[in-house]
Protein chains: 2
Amino acid sequence: MVSIKDVAAHAGVSPGTVSNVLNRPGKVATATRERVEAAIKELGFVRHGSASTLRAGHSRTIGLSVIDIGNPFFTEVAAGAEDVASELGYAVILGNSAGSEEKEGRNLRVLAEQRVRGVLITPSGEDPARLDRLRERGISVVLVDHPAHRPDQCAVAVDDVAGGRAAVAHLLAGGARDLAYVTGPLTIRQCVERREGAAAALRSAGFDPDGLRVLEMATMTARAGEKAGADLLDAGLPDAVFCANDLLALGVLRSLLRAGVRVPDDVALIGYDDIDFAAASAVSLSSMRQPTYQLGRIATELLLDECDNPETHAHQHIMFQPELVARESTRCPAA
Amino acid sequence: MVSIKDVAAHAGVSPGTVSNVLNRPGKVATATRERVEAAIKELGFVRHGSASTLRAGHSRTIGLSVIDIGNPFFTEVAAGAEDVASELGYAVILGNSAGSEEKEGRNLRVLAEQRVRGVLITPSGEDPARLDRLRERGISVVLVDHPAHRPDQCAVAVDDVAGGRAAVAHLLAGGARDLAYVTGPLTIRQCVERREGAAAALRSAGFDPDGLRVLEMATMTARAGEKAGADLLDAGLPDAVFCANDLLALGVLRSLLRAGVRVPDDVALIGYDDIDFAAASAVSLSSMRQPTYQLGRIATELLLDECDNPETHAHQHIMFQPELVARESTRCPAA
DNA sequence: GTTTCAATCTGAAACGTTTCAATCCGTAGG
DNA sequence: CCTACGGATTGAAACGTTTCAGATTGAAAC
């Protein structure tokens, strides 16, 4: 395997100079630089990232830990992150926690071993301690789709309380009175806050927030949604259903349609995330849109800025507002 | 930062012994091992992956290069790969080529720098040379959703010719005669082979394979599918449309429905991949199912077997058969 | 002709781990 | 009691890069 020494010998310079060509090309005389570059090309030299990381004390990789890689929401976040990272020559190590804090912990451990420069994470629980432990090791952390745990930290989030409020206000405006909330585990912050928003909407419309039926599913998948739909059919249908994400909503929709329930006439339905497929479903799905791809991009830009310009970097807490997208699955208030 | 030496000092042993505890615990006396493990825990030691990689000559990371991380097909592959890798303590570095060979090349370069143990790749073009270059560097390569370039290589694929044939045979059995094929770039092997299968089906049914109208789109997304649908509406509708993947099909479906075209009565439609959302679309989508998650799992198992047991490893070329899933979007032949 | 200075380049040390030949120790066999 | 042996442990070398103090230029200033 050809090393920096071979390149140096071939170009008639010292290893230090080759390193400079690689890392600070401006500090090397043009003629020398070109000679070294020619040698690199000729020998097919590829820098050994681990040696570089070991000596320099930092790597050019970042970690991305998401809750469910099967959810198009996270896929878009990942796409945004990967684009930015790739532009700046960083590699992205992917970790899928699959909703399990234990697996998330294992993934974070691997990231720590790899000495990633920083970590983008949508935490699957509410334990800031393990993230603080990363920070102690000098690994920057940016929270994605989650508000900051602490002031000296970047975070990019979307206002989930506002989203829940808007979704339920929309259902109420459509005439619904008996509401159900189909959610994932209430250990997940997003699920809790969207419920709070829903309760707030009920309260300000003069209804009892405790009247909201809550179905807590173990996962936030279409399959879980189908199960929730079946449960609703068994227990008696509400006027309207608010789902904590679109996957759940698509599952509920499927169950209802299969049972001959008309959406939105018998039951109105709204999801969350506005994934691409929401618009294409059997009855097109109303949803709360979030700037997903941007979430990934901006989080990565913040992270790499924090890593590359620690002295000038200013921590930011960015909070986007979600946007209601009304489609067929909810009665239009005007009708 | 606490190193192996600190652990060694704290446990009263030599660094070599700590290394053995980490890598060959069986070779260390129980009492010593426990003492070292206690020291590790107490000091919060985390092994420096780069130092380990540098000295040992190989890392515990693999690369995954896909064509479109936004496509649920690849997401499922990634989920399968990540599960296996994570079980065996490997980290997965994600690369999204976004259909660009140039970006794929850049990603492979990063993977080479990181000295990944191996690479899982769905190549976006037909240039085996760059993969051979990885192999020369000692990086194993397993092809995913692509037949092997060479015998001494593992590959996990699905029979795309058979899939194309089955899809079009199904459309013909439903009574269609004037067919269109909506595809991604014909530089992508899958697109080409599915077309070949389509042509073969036409031929064996006694039709002219050149009668197949081909619409080649630049990307394989729902947006491109909408565009294709619009093009078909302009140019005159066929009896049936075969799409090279489900995203294209969902886009076409959307265009057609919006224009008031009835599916399948006016135009039958079949996609490919059977992503989760195919069953949930406005008119549920017929498709060709592939064992996607398994593709990722098995490819990763083969890759890691090749890395960890090079002497006993037998290269395998696995070819799955796709399966027709008939839904509403195609006329049932019996009807 | 000497001094100064900046620009450029050199070479050895250091990063934290793994590896392996060498050493140590206790026990079984003679 | 001596020898042999195997298991357990040691310690130094090596992996390929980066860093940095110092060496070497050649030109400018006096």
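What you are looking at is a predicted structure, and each value in this text was computed from that prediction instead of being measured.

Notes on the domain arrangement of chain A
All names here are of chain A. Examined at the domain level, chain A breaks down into domain 1 (4–47), domain 2 (59–158 + 292–321) and domain 3 (160–290). Using only C-alpha atoms to locate each centre, domain 2 and domain 3 end up separated by 29 Å. In this assembly, 12 residues from domain 2 lie in contact with 12 residues from domain 3. Roughly 1,200 Å² of surface becomes buried between domain 2 and domain 3 when both sides are summed, with 48% attributable to carbon and sulfur atoms. Where domain 2 packs against domain 3, one counts 0 salt bridges. At the surface where domain 2 touches domain 3, the tally comes to 4 residue pairs in polar contact (both at pLDDT 80 or more). Of the residues in the side of domain 2 that touches domain 3, the class split is 4 nonpolar, 6 polar and 2 charged.

As for the relation of the copies chain B and chain A
Two chain copies, one operation linking them: a rotation about an axis together with a shift along it. Here chain B sits on chain A after a turn of 180° about the axis and a move of 0.0 Å along it, with an RMSD of 0.0 Å. A rotation of that kind, with that shift, is consistent with a two-fold axis. Closest to the rotation axis within chain B is the C-alpha of Ala282(B), separated from it by 1.5 Å. When you check the interface residues of chain B against chain A, 100% turn up at the interface there too, and the contact is symmetric in its surfaces.

Examining the UniProt feature "domain: HTH lacI-type" (unreviewed entry) in chain A
The UniProt record marks residues 2–56 of chain A with the feature "domain: HTH lacI-type" (unreviewed entry), using the residue numbering of this structure. A helix fraction of 71% and a strand fraction of 0% characterise residues 2–56 of chain A, whose end C-alpha atoms lie 20 Å from each other.

Here's the deal with the interface of chain B and chain A
Listed per partner, the contact involves 48 residues of chain B and 48 residues of chain A. Summed over both partners, the interface of chain B with chain A buries about 4,300 Å², with 57% contributed by carbon and sulfur atoms. Sorting the residues of chain B by area buried against chain A places Val46(B), Arg115(B) and Phe277(B) first, and these three jointly supply 14% of that buried surface. Between Glu82(A) and Lys103(B) there is a salt bridge; the shortest N-O distance is 2.8 Å. The interface formed by chain B and chain A contains 20 residue pairs in polar contact (both at pLDDT 80 or more). Listing elements by their share of the side of chain B that touches chain A, those giving two or more residues are helix 4 (49–56), helix 5 (72–87), strand 2 (91–96), helix 6 (101–113) and helix 11 (246–258) of chain B. Looking at the side of chain B that touches chain A residue by residue, the class counts come to 21 nonpolar, 14 polar and 13 charged. Where strand 2 (residues 91–96) of chain A meets strand 2 of chain B, 3 bridges bridge the pair, whose relative direction is antiparallel. Pairing of Val92(A) across the sheet is with Leu94(B), part of strand 2 of chain B.

Comments concerning helix 4 of chain B
Those residues of helix 4 of chain B that fall on the buried side of the exposure criterion are Gly49(B), Ser50(B) and Thr53(B). Along the long axis of helix 4 of chain B, the arc covered by the buried residues comes to 95°, so they all point the same way.

Section: empty space enclosed by the protein
Taken as a whole and judged by the stated rule, the model has 4 cavities of 30 Å³ or more. What the largest cavity holds in volume is close to 110 Å³. In terms of lining, the largest cavity is formed by 13 residues, of which the most central are Ser50(A), Thr61(A), Gln114(A), Ser50(B) and Gln114(B). Looking at the lining of the largest cavity, the elements with two or more residues in it are helix 4 (49–56) of chain A together with helix 4 of chain B. The greatest single-element share of the lining of the largest cavity, amounting to 3 residues, is contributed by helix 4 of chain B. In terms of residue class, the lining of the largest cavity is made up of 2 nonpolar, 11 polar and no charged.

Some remarks on the sheet that holds strand 7 (residues 213–216) of chain B
Residues and elements named next belong to chain B. Across the sheet, 4 strands lie side by side as 7-6-8-9; this open sheet has parallel pairing. Edge positions in the sheet fall to strand 7 and strand 9 (268–270), since each has one partner strand and no second. On average, each strand axis in the sheet is tilted by 20° relative to the strand beside it, whichever way the strands run. Alignment of strand 6 (residues 179–183) against strand 7, held across 4 bridges, turns out to be parallel. Note on strand 7: the bridge partner recorded for Val 182 is Leu 215. Each of strand 6, strand 8 (240–243) and strand 9 touches helix 8 (residues 160–173); the most contacted strand, strand 8, lies at about 165° to it.

Section: the sheet that holds strand 7 (residues 213–216) of chain A
Residues and elements named next belong to chain A. Taken together, 4 strands build an open sheet; the order of strands is 7-6-8-9 and the sheet is parallel. The outermost strands of the open sheet, each flanked by one partner alone, are strand 7 and strand 9 (268–270). On average, each strand axis in the sheet is tilted by 20° relative to the strand beside it, whichever way the strands run. Of the strand pairs in this sheet, strand 8 (residues 240–243) and strand 9 are connected by 3 bridges, and their pairing is parallel. By the bridge assignment, Val 241 is partnered in strand 9 with Leu 269. Sheet contacts for helix 10 (residues 222–235): strand 6 (179–183), strand 7 and strand 8; angle to strand 7, the most-contacted strand, approximately 140°.

Conventions and cut-offs
- Residues numbered from 1 in each chain as written.
- Chains lettered and ligands numbered in written order.
- Predicted model: local features only at pLDDT ≥ 70, side-chain atom pairs only at ≥ 80, totals over all residues.
- Heavy atoms only, no water.
- Domains from an automatic or database assignment.
- Contact = heavy atoms within 4.5 Å.
- Buried area = accessible area lost by both parts, 1.4 Å probe.
- Salt bridge = Lys/Arg side-chain N within 4 Å of Asp/Glu carboxyl O.
- Polar contact = N/O pair within 3.5 Å; in protein donor to acceptor, adjacent residues only side chain to side chain.
- Nonpolar A, V, L, I, M, F, W, Y, C, P; charged D, E, K, R; others polar.
- Least-squares fit on C-alpha atoms with pLDDT ≥ 70 in both.
- UniProt positions renumbered as here; feature names shortened; annotations may be inferred.
- Helix = DSSP H or I, 4+ residues; strand = E, 2+ residues; numbered from the N terminus.
- Pairing = 2+ DSSP bridges.
- Buried < 20%, exposed > 50% of the residue type's maximum accessible area, 1.4 Å probe, protein only.
- Arc of directions from axis to C-beta.
- 1 Å grid on protein atoms, 1.4 Å probe; cavity = no way out; pocket = protein on both sides within 12 Å on 5 of 7 lines; lining within 4 Å.
- Points joined across faces, edges and corners; volume = space filled by probe spheres on them.
- Axes fitted to C-alpha atoms, helices over the stretch in contact; angles between N-to-C directions.

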